[in-house]
Amino acid sequence: MEQKTLITSTNFNVFLAQKRLMASKCRKCGALFLPPRAICPTCWESELEWVELSGKGKLAAFTCISITPTWMAAAGYGRNNPYCSGIIQTTEGPKIACRIEGVDARDPESIKIGTLVEVDIRERTQGDKKIPYLAFKVA
Ligand SMILES: [Zn+2]
């Protein structure tokens, strides 16, 4: 368990860069949060801890995007190369929005809710920086 690292989105991204999917866990009621929260909204506990998730889950919802934001267009996505974004329900329970890889975004009807997925942390280039981002791929 990680006890000294503050629960912030910056530190969540630091863990992503280490290929680790981390959630926060309430020490009082045991609730898990992904993306991590620093305060439990159920019992107002502020002593949460980092826990690493298994990286397994299933596809809960998705959409295929062909009208893309500028930075996705710069990465080659668009009308002729759509990408899939969705909600994953992790095996541990929390749900998170992220990119979905290993599916055919040109054929949304081929993508099925409930498909088993596993974490697939990737990087995108922005200027001279590599920025990690969360994705899941078909298991
Ligand atoms: Zn709690």
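As shown above, the structure is provided for reference.
Bear in mind the structure is a predicted one, so any value in this text is a computation, not a measurement. (Residues numbered from 1 in each chain as written. Predicted model: local features only at pLDDT ≥ 70, side-chain atom pairs only at ≥ 80, totals over all residues. Heavy atoms only, no water.)

### What about the pairing of strand β3 (residues 48-52)?
- Here β3 lies mainly inside the structure; four of its five residues are buried.
- Sheet analysis places strand β1 (residues 22-26) next to β3, joined by five bridges and oriented antiparallel. From the neighbouring strand, S24 faces β3, where its bridge partner is W50. (Buried < 20%, exposed > 50% of the residue type's maximum accessible area, 1.4 Å probe, protein only. Helix = DSSP H or I, 4+ residues; strand = E, 2+ residues; numbered from the N terminus. Pairing = 2+ DSSP bridges.)

### Examining helix α1 (residues 9-17)
- For α1, the complete set of buried residues consists of N11, F12, F15 and L16. The buried residues of α1 all sit within an arc of 155° when viewed along its axis, so they share a single face.
- The inward-facing, buried residues of α1 abut β1, β3, β6 (95-101) and β9 (129-133). (Arc of directions from axis to C-beta. Contact = heavy atoms within 4.5 Å.)

### Structural notes on the coordination of the zinc ion
- Looking at the metal site, the zinc ion is ligated by C26 (SG), C29 (SG), C40 (SG) and C43 (SG), spaced 2.3 to 2.4 Å from it.
- Coordination at the zinc ion is tetrahedral, judged from the four donor atoms that bind it and the angles of 100 to 123° they form at the metal.
- Along the chain, the residues that donate to the zinc ion are spaced as C-x2-C-x10-C-x2-C. With C26 in strand β1 and C43 in the loop between β2 (32-33) and β3, this pair connects stretches of sequence that are 17 residues apart.
- Under the relative-accessibility criterion, C26 is labelled buried at 2%. (Donors = N, O, S within 2.8 Å, 3.2 Å for Na, K, Ca; no water. Tetrahedral: all angles 85-135°; square planar, octahedral: opposite > 155°, others 65-115°.)

### Things to note about the sheet that holds β1
- Ordered by their spatial adjacency, three strands build an open sheet running β2-β1-β3, and the pairing between neighbours is antiparallel. In this open sheet, the two edge strands, each paired with only one partner strand, are β2 and β3.
- Two strands pair when backbone bridges link them, and β1 and β2 are joined in this way by two bridges, in the antiparallel orientation. Within β2, the residue paired with S24 across the bridge is F33.

### Some thoughts on the packing of aromatic side chains
- Under the defined criterion, the tally for this structure stands at two aromatic pairs.
- With 4.9 Å between their ring centres and 65° between their planes, F15 and W50 make a pair best called edge-to-face. Of this pair, F15 sits in helix α1 while W50 sits in strand β3, and the two are 35 residues apart along the sequence.
- Given a relative accessible area of 0%, W50 falls into the buried group.
- Geometrically, the ring pair formed by Y77 and Y83 is edge-to-face, given 5.3 Å between the ring centres and 70° between the ring planes.
- A cation over a ring is seen here: R124 above W71, with NZ or CZ 4.1 Å from the ring centre. (Phe/Tyr/Trp six-rings, centres within 6.5 Å; stacked < 30°, edge-to-face > 60°. Lys NZ or Arg CZ within 6 Å of the ring centre and 35° of its normal.)

### With respect to the side chain of T90
- Mapped onto the secondary structure, T90 falls in strand β5 (residues 83-90).
- On the basis of relative accessible area, T90 is assigned to the buried category, the value being 4%.

### Observations regarding the pattern of salt bridges
- Under the definition given, this model contains seven salt bridges.
- With a shortest N-O distance of 3.6 Å, K56 and E118 are connected by a salt bridge. A residue pair is termed long-range when its members are at least 10 positions apart, and K56 in strand β4 (residues 56-65) and E118 in strand β7 (residues 116-119) qualify at 62 residues.
- Look at E118 and you get partly exposed, because its relative accessible area is 24%. (Salt bridge = Lys/Arg side-chain N within 4 Å of Asp/Glu carboxyl O.)

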